[in-house]
Amino acid sequence: MFGYLLRRVISGILVLLAVSFVLFTVFAKGPAQPALAYCSKGVCTAEQLDIIERNLGLDQPLLQQYGTYIKGVVAGREINSGTLSLDCNVPCLGYSFKKFEMVTPFLLDRFPATLSIALGASVVFLTVGVAVGVISARNRGKPLDRGLQGFTMLATAIPYYLVALLAFLFLVSKWGLFPTTEYVAPFAESFSGWFKGMLLAWLVLGLFYTTAYVRYSRGSMVEALNEDYVRTARAKGLTDRRVALKHALRAALVPVVTIFGLDFATILAGTIFTERIFNIQGIGLEALQSIGQQDLPVISATVLIAATFVVVSNIVVDVAYAALDPRVRL
Amino acid sequence: MSEPLLEVTDLVKHFPVKSSGFVRRTIGQVQAIDGISFSIEKGESLGLVGESGCGKSTTGRVLTKLYEPTSGSMKFDGVDLAPLSQKQMLPHRKDIQLIFQDPYSSLNPRHTVGSIVATPLRTRQVVPENKTMDRVKELLEVVGLNPEHYNRYPSDFSGGQRQRIGIARALALQPKLMIADEPVSALDVSIQAQVINLLQDLQREFGIAFLFIAHDLAIVRHFCPRIAVMYLGKIVEIGDRDTIYERPHHPYTQALLSAVPDVKQAEVGGRRDRIRLTGDVPSPINPPSGCRFRTRCWKAQDICAKEEPPLLQIGRGPSAGTGHQVACHFAEPNTSIIATPQSHSA
Amino acid sequence: MTDMHHPSSTPAFLEVDDLTVRFPTRDGVVQAVTGLSYKVELGKTLGIVGESGSGKSVSSLAVMGLHDLERTDITGSIKVEGQEVVGLSENRMRKLRGNAVSMIFQDPLTALHPFFTIGDQIVEGYKAHHSGVSKKTARAKAVEMLERVGIPQPNRRVDDYPHQFSGGMRQRAMIAMSLVNDPKLIIADEPTTALDVTVQAQILDLLQELQRDFGSAIVIITHDLGVVAEMADEVLVMYGGRCVEHGGGKEVLTHPEMPYTAGLLSSVPDLVGDPRERLHPIPGTPPSLLSPPRGCAFNPRCGYTHLVPGEMCTRELPPLESGGRGSAHLKRCHLTDSGTVLAEQLPVYAGTAMDPGEPAGPTAEPDPTPKENAGE
Ligand SMILES: Nc1ncnc2c1ncn2[C@@H]1O[C@H](COP(=O)(O)OP(=O)(O)OP(=O)(O)O)[C@@H](O)[C@H]1O
Ligand SMILES: Nc1ncnc2c1ncn2[C@@H]1O[C@H](COP(=O)(O)OP(=O)(O)OP(=O)(O)O)[C@@H](O)[C@H]1O
Ligand code: SF4
Ligand SMILES: [Mg+2]
Ligand SMILES: [Mg+2]
């Protein structure tokens, strides 16, 4: 188990290094001239550009720049720009000259909002999705199942941003059925404020993902219900309910967990529409804005964070596998 | 006697077992086959029997070089195939063909029967392209399928018919040796006999030698004049049909035969020794010391744990000269494993 | 049609009468079992043999009430200890299942849940039929059951998962599971097909021993005639969803009166007799249950139809009736004095004109035995 985790962590780190290096190369050699971003109003004379490049170390060889960047991530570094000299603490993801802020604390600030969205929405789509999937599977072929399947098909076809936008416009703005959506720190400020502020985002994003989870869990539940061991369980005289919820569901959850791991990582990396429409200052929104402003340090940081989530969730999924299935030994 | 078609000497195939730690070290070996020797004459069939996991399929796969042997030699038609690279092996490939157990998964469902059977002909260019279809139809006819069905897909055929397609494919290159790995165990009882008869006809007609792998002892007795019994990667007894079934010497052979439920036996009701082994076959990763069968053997003594019994020729007597070999410290014949009608009336 | 199998006076523990099981599917109605009747008494073993798809499993799943009633039409009667099971409510059926009647499935690897320990799976059935079982009692029960089926160190192995058991041990665990409530009827559906011969022998011995000790009735389903010969007091041969021959085990296997049974017997090689003798396969393949042949379901593969006058074989379903060997031996065949005919005459197969039951498939599995038949 320990050896396995170590191996996975190391290979994960290698992946992240590769991702960051590719990012770095693309930005350094790409069409967007990094130094340009630091000119006021985007206009600089050639000399000014030169000075900025030298200040930022952009005139150094690529590998050396990359080394500095990675050193910053692991050990922190000092960022100099002209007269300015700033301490960038571990994990240093650079300094945004657009925002005049360190990237790491800035994104850390936004992270709780995104985490809140991810957690809340996951609770919604996991419970509702799996429950409906199980009900559908247990009634497979019957009108109830057909109805549920038709409904989820239909729901899948509607674009998410449309649902989110309409929900916001009508439920919040027009009818006021839901409180204004916003992010309120649950511990520092108010827990109930947090809950109320997030509720609609959770429901809308959660129900959006629910349709997919109904399909996944229905599929794997139908398969599990056809397994020989489920027939054995019935032959023992257990109730159908117990057979479904203990024997079949346990097996059916395994594939659902895998997909959930990836989905959760994706949501954590930022849900642009959700944050935008419900006005929640999370990572997704930042990523969007930074792309618009060509704020390279922020863009790379958000990409790197997303990659980290994916790597970590993969490891967590594998551990969850081992917990669910005694045949899997790590 | 002329040189045998296939002569296998001390053939070994081990599969490494990796640790699950950070560095994946090799922590052991699955000793799938561990030093087996046997030979097959031209046109002869040798049966290979034994319980699940004893290394029968591995033997077949090593002989066709689907697996690289770990050590040992396998002389085929005078050439040792063991050290050959896949490329050097190519010219010999067509002489050794495999028939698989599962008639469902061994045929590509998206290819027509004609193209399945034609593939070996085309890749080898043994017949001119414009003659290929004629040859395919001929082959289908030989295995008892309607040659006009060459453009149908495997899913249109029943299990027995699919096995025939596999046989036609194996036959296409006129091999000298066919390795049939459980060719009928996936088939229905009434269909098994159809395929067995077909294989026997082909063998007689084309003089093909067979390595016939099966766990059904009655079918092996029917198909093979010579039989090798394997246990945990070793050959424990090899001999002709009558010796193996009527005077088995190795305790494992005796136990195996004694365990076969048989209609005729029940019918005859003659005296039949009842040998019941306890426990299961040990793991091939960590086989018992000395004789590998000793953990389940009722005859085992101290020496069995200490010394591995060599596969020795059984001297004189009716079995001498037929190449009857046994690997047991306490080998002795038992003639009442199978109740024959004669022994009953006697 | 279902009168008297045995003139015994004690009512049988299991009485199946005119059981018919059909599955309406998109392609048509699968007539999996038609008009099946049999009885099994306590302490006796009935062997059901037949090829793949002949309806063996479907008929026994019906006894266990394990069919999905929404997708299955079941008619006829199944009486367990006098109680009618067909149409019984799920709740009452559940009280029988795993209790008075239990089942052993073919492949112990897939039939055991990979995520739960052997012990848990054994006691689960016990708890389902006994309320208020403490953890300690439950565990003790599991250990006791494992011990009873001969698992060494049951105390330790009870916490193992199925994948930590060998094939034979898994089947023993499966048997332990089915015995936990001391069932009076055990249905074993191909209990040894997935096992090696030496392990098969152990398992068959175990079943026989348990039957001796507890006097249960056993229905053993298999396609291995050897297993039937060793285990069964009575044998029932199924073909195309119907019983085609039924009688005492030894009686049917030594004096078959139905060409299919005789064909099966002569198509399997055995351990005695001349090994060089050619096998006599049954040509063709089993019938489709979607559109079974008219008349006798076996007629497209039968080598004796020419001895039956008036093309009866293709026109009329032969009744299941006693032949020349007493009322305890029933056969479904138009042939008069079929036992003698089968013993004395070899089957004659007409050329390659056979196209048995393969709706979309290429025509026949051509007759692979023209050589022997030509001169006969
Ligand atoms: N590719 C492989 N890698 C590792 N181990 C293998 C491999 N192939 C086979 N083995 C192991 O080698 C041993 C012999 O396997 P093999 O398939 O030859 O047995 P067999 O006699 O054909 O059994 P069966 O009757 O079940 O087909 C088994 O323990 C098996 O697990
Ligand atoms: N739920 C079902 N829906 C439709 N057809 C079914 C269903 N269950 C079984 N059948 C069909 O019923 C027929 C009889 O099946 P059954 O499982 O009883 O065969 P069997 O005699 O047990 O064969 P085997 O030896 O392969 O186990 C088969 O043709 C099968 O395809
Ligand atoms: S009834 Fe006719 S077809 Fe059926 S088994 Fe008897 S002789 Fe053969
Ligand atoms: Mg094999
Ligand atoms: Mg079955």
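Residues numbered from 1 in each chain as written. Chains lettered and ligands numbered in written order. Predicted model: local features only at pLDDT ≥ 70, side-chain atom pairs only at ≥ 80, totals over all residues. Heavy atoms only, no water.

K.L.:
Mind laying out the overall build of chain A, listing which residues take part and the relevant values?
P.N.:
Regarding its fold elements, chain A presents twelve helices and four strands. Seen along its three principal axes, the alpha-carbon backbone of chain A occupies a region of about 85 × 55 × 40 Å. Residue pairs in contact within chain A that sit at least 24 positions apart in sequence constitute 64% of those at least 6 positions apart. If you sum the accessible surface of chain A, you get close to 16,600 Å²; carbon and sulfur atoms cover 67% of it. Computed over 28 positive and 21 negative side-chain charges, the separation of the two mean positions in chain A equals 14 Å. (Helix = DSSP H or I, 4+ residues; strand = E, 2+ residues; numbered from the N terminus. Contact = heavy atoms within 4.5 Å. Areas by Shrake-Rupley, 256 points an atom, 1.4 Å probe, with all protein chains shown as cover. Lys, Arg positive; Asp, Glu negative; His and termini not counted. Charge placed at Lys NZ, Arg CZ, Asp CG, Glu CD.)

K.L.:
Give me the lowdown on the environment of G28 of chain C, citing residues and values where you can.
P.N.:
Residues and elements named next belong to chain C. Note on placement: G28 falls in strand β2 (residues 28–40). The class of G28 is partly exposed, set by a relative accessible area of 23%. As a C-alpha pair, G28 and L290 span 262 residues in sequence and 6.2 Å in three-dimensional space. Setting aside its immediate chain neighbours within four residues, G28 contacts F23 and L290. (Buried < 20%, exposed > 50% of the residue type's maximum accessible area, 1.4 Å probe, protein only.)

K.L.:
Tell me about the interface of chain C and chain A, and please be specific about residues and values.
P.N.:
In many analyses, interface size is given as the accessible surface area lost on bringing the parts together. Between chain C and chain A, the contact holds 27 residues from the first and 23 residues from the second. For the pair chain C and chain A, the two sides together bury roughly 2,400 Å², of which 60% comes from carbon and sulfur. In this structure, the connection of chain C to chain A is made through four salt bridges. A salt bridge links E124 of chain C to K246 of chain A; its shortest N-O distance comes to 3.1 Å. For the side of chain C that touches chain A, the secondary structure elements donating two or more residues are α1 (56–64), α2 (90–96), α3 (108–111), α4 (118–129) and α7 (167–179) of chain C. (Buried area = accessible area lost by both parts, 1.4 Å probe. Salt bridge = Lys/Arg side-chain N within 4 Å of Asp/Glu carboxyl O.)

K.L.:
So, the packing of α4 of chain C against helix α5 (residues 135–148) of chain C: which residues are in play, and what are the values?
P.N.:
Residues and elements named next belong to chain C. Running from N to C, α4 and α5 point in directions that differ by 110 degrees, and their axes come no closer than 9 Å. As summarised for this structure, α4 and α5 are arranged roughly perpendicular, according to the angle between their axes. Judged by residue contacts, I118, G119, I122, V123, Y126 and K127 of α4 engage A138, R139, K141, A142, M145 and L146 from α5. Here the residues of the contact of α4 with α5 sort into eight nonpolar, one polar and three charged. (Axes fitted to C-alpha atoms, helices over the stretch in contact; angles between N-to-C directions. Parallel < 35°, antiparallel > 145°, perpendicular 65-115°, else oblique. Nonpolar A, V, L, I, M, F, W, Y, C, P; charged D, E, K, R; others polar.)

K.L.:
Tell me what's going on with the packing of helix α6 (residues 160–174) of chain A against helix α7 (residues 191–225) of chain A, and back it up with residues and numbers.
P.N.:
What describes two packed helices is the angle between their axes and the distance between those same axes. Residues and elements named next belong to chain A. Between α6 and α7, whose axes approach to 10 Å, the crossing angle comes to 150 degrees. Taken together, α6 and α7 sit at an angle that is classed as roughly antiparallel. Like other packed secondary-structure pairs, α6 and α7 cross with a definite hand, here right-handed. In contact with Y160, V163, A164, A167, F168, L171 and V172 of α6, α7 contributes L200, V204, L205 and F208. The residue makeup of the contact of α6 with α7, split by class, is eleven nonpolar, no polar and no charged. (Left-handed = near helix turned anticlockwise from the far one by under 90°.)

K.L.:
Describe the interface of chain B and chain C, listing the residues and the values that go with them.
P.N.:
Counting residues at the interface gives 55 residues for chain B and 55 residues for chain C. In this assembly, chain B packs against chain C so that about 4,500 Å² is buried in total across both faces, 54% of it on carbon and sulfur atoms. Contact with chain C buries surface across chain B, with V189, R221 and P261 of chain B losing the most and accounting together for 14% of the total. In this assembly, chain B and chain C are joined by three salt bridges. Applying the counting rule to chain B against chain C returns 19 residue pairs in polar contact (both at pLDDT 80 or more). Put simply, the parts of the chain that give the side of chain B that touches chain C at least two residues each are α5 (159–171), α6 (189–206), α7 (217–223), α8 (241–246), α9 (251–259) and α10 (263–268) of chain B. It is α6 of chain B that provides the largest number of residues to the side of chain B that touches chain C, a total of ten residues. (Polar contact = N/O pair within 3.5 Å; in protein donor to acceptor, adjacent residues only side chain to side chain.)

K.L.:
Any details on the site of ligand 2? Residues and values, ideally.
P.N.:
Residues and elements named next belong to chain C. Neighbouring ligand 2 are 14 residues; S52, G53, K56, S57 and V58 lie closest to it. Contact distances for ligand 2 include 2.8 Å between an oxygen atom and a backbone N or O atom of V58. Considered on its own, ligand 2 offers 640 Å² of accessible surface; in the complex 61% of this is hidden by protein. Of all elements in the fold, only β1 (14–25), β2 and α1 reach the threshold of two or more residues within the shell around ligand 2. Its residues assigned to classes, the shell around ligand 2 comprises five nonpolar, six polar and three charged. (Near = heavy atom within 4 Å.)

K.L.:
Go over the environment of M238 of chain C with me, naming the residues and quoting the values.
P.N.:
Its place among the elements puts M238 of chain C in strand β9 (residues 234–239). A C-alpha to C-alpha distance of 6.1 Å links M238 of chain C and V49 of chain C, two positions 189 residues apart in sequence.

K.L.:
An account of the pairing of strand β6 (residues 101–104) of chain C is requested, with residue identities and associated values reported.
P.N.:
Residues and elements named next belong to chain C. Of the two faces of β6, the one lined by V101 and M103 and the one lined by S102 and I104 are each fully buried. Across four bridges, the pairing between β6 and strand β7 (residues 185–189) is parallel. When the sheet's bridge partners are listed, I104 is paired in β7 with A188. (Pairing = 2+ DSSP bridges.)

K.L.:
Give me the sheet that holds strand β4 (residues 73–80) of chain C: which residues, what numbers.
P.N.:
Residues and elements named next belong to chain C. Here we have four strands laid out as an open sheet, ordered β2-β1-β4-β5, and antiparallel in their pairing. Of all strands in the sheet, those with a lone pairing partner are β2 and β5 (83–84), marking the two edges. On top of the sheet, α1 reaches β1, β2 and β4; it is set at about 110 degrees to β1, its chief contact.

K.L.:
Before we move on, can you summarise the pattern of salt bridges with the specific residues and values?
P.N.:
Tallying each qualifying case throughout the model produces 38 salt bridges over all chains. Of the charged contacts in the structure, one is a salt bridge between D240 of chain A and R234 of chain A, with a shortest N-O distance of 3.7 Å. Note that D205 of chain C is salt-bridged to R274 of chain B, the shortest N-O span being 2.8 Å. One end of the pair, D205 of chain C, is in helix α8 (residues 197–214); the other, R274 of chain B, is in the loop between α10 and α11 (302–306), on a second chain. Look at D205 of chain C and you get buried, because its relative accessible area is 15%.

K.L.:
Could you give an account of helix α3 (residues 113–124) of chain B, with specific residues and numbers?
P.N.:
The α-helix winds at 3.6 residues per turn, so residues separated by three or four positions along the chain end up facing the same way. Here α3 of chain B has its buried residues at V113, G114, I116, V117, A118, P120 and L121 of chain B. Buried residues along α3 of chain B sit in contact with α4 (129–142) and α5 of chain B.

K.L.:
Can you explain the site of ligand 3? Please cite residues and give values.
P.N.:
Within the structure, ligand 3 sits among M258, P259, C296, F298, N299, C302, T305, C313, P318, C333 and H334 of chain C. Split by residue class, the shell around ligand 3 holds eight nonpolar, three polar and no charged.

K.L.:
Report on the domain arrangement of chain A, specifying residues and quantitative values.
P.N.:
Taken domain by domain, chain A holds domain 1 (20–92) and domain 2 (106–324). Taking the mean C-alpha position of each, domain 1 of chain A and domain 2 of chain A sit 38 Å from one another. (Domains from an automatic or database assignment.)

K.L.:
Which residues make up the environment of V123 of chain A, and what are the values?
P.N.:
Relative to the assigned elements, V123 of chain A resides in helix α4 (residues 103–138). Judged by its relative accessible area of 54%, V123 of chain A falls in the exposed class.

K.L.:
Which residues make up α8 of chain C, and what are the values?
P.N.:
Residues and elements named next belong to chain C. Its 18 residues place the ends of α8 25 Å apart at the C-alpha level, agreeing with the 26 Å of an ideal helix rising 1.5 Å per residue. Within α8, 13 of the 18 residues are buried, which leaves it mostly tucked inside the rest of the structure. Following α8 by one or two positions, G215 adopts a phi angle in the positive range, close to 65 degrees. (Expected span 1.5 Å × (residues − 1).)

K.L.:
Got a sec to walk through the pairing of β4 of chain C? Specific residues and values, please.
P.N.:
Residues and elements named next belong to chain C. Pairing analysis gives seven bridges linking β1 to β4, with the strands arranged antiparallel. Across the sheet, D17 pairs through a bridge with S77, a residue of β4. In this sheet, β5 lies alongside β4 in antiparallel orientation, the contact comprising two bridges. Paired with V80 across the bridge in β5 is Q83. From the end of β4 to the start of β5, which pair antiparallel, there are two residues, and E81 there has a positive phi angle of about 50 degrees.

K.L.:
Break down the packing of aromatic side chains for me, with residues and values.
P.N.:
Applying the stated rule across the entire model yields 26 aromatic pairs over all chains. Judged by centre distance (5.6 Å) and plane angle (40 degrees), the ring pair of F260 of chain A and F264 of chain A falls under tilted. Linking F260 of chain A with F264 of chain A, this pair stays in helix α9 (residues 240–268), spanning four residues, or about one helical turn. Among the aromatic residues, those joined into a cluster by ring pairs are F125, Y160, F208, Y209, Y213, Y216, F260 and F264 of chain A. For the cation-ring pair, K246 of chain A lies above F116 of chain C, with the distance from its terminal atom to the ring centre recorded as 4.9 Å. Lying over the aromatic face of Y245 of chain B, R221 of chain B brings its terminal NZ or CZ to 5.9 Å of the ring centre. (Phe/Tyr/Trp six-rings, centres within 6.5 Å; stacked < 30°, edge-to-face > 60°. Lys NZ or Arg CZ within 6 Å of the ring centre and 35° of its normal.)

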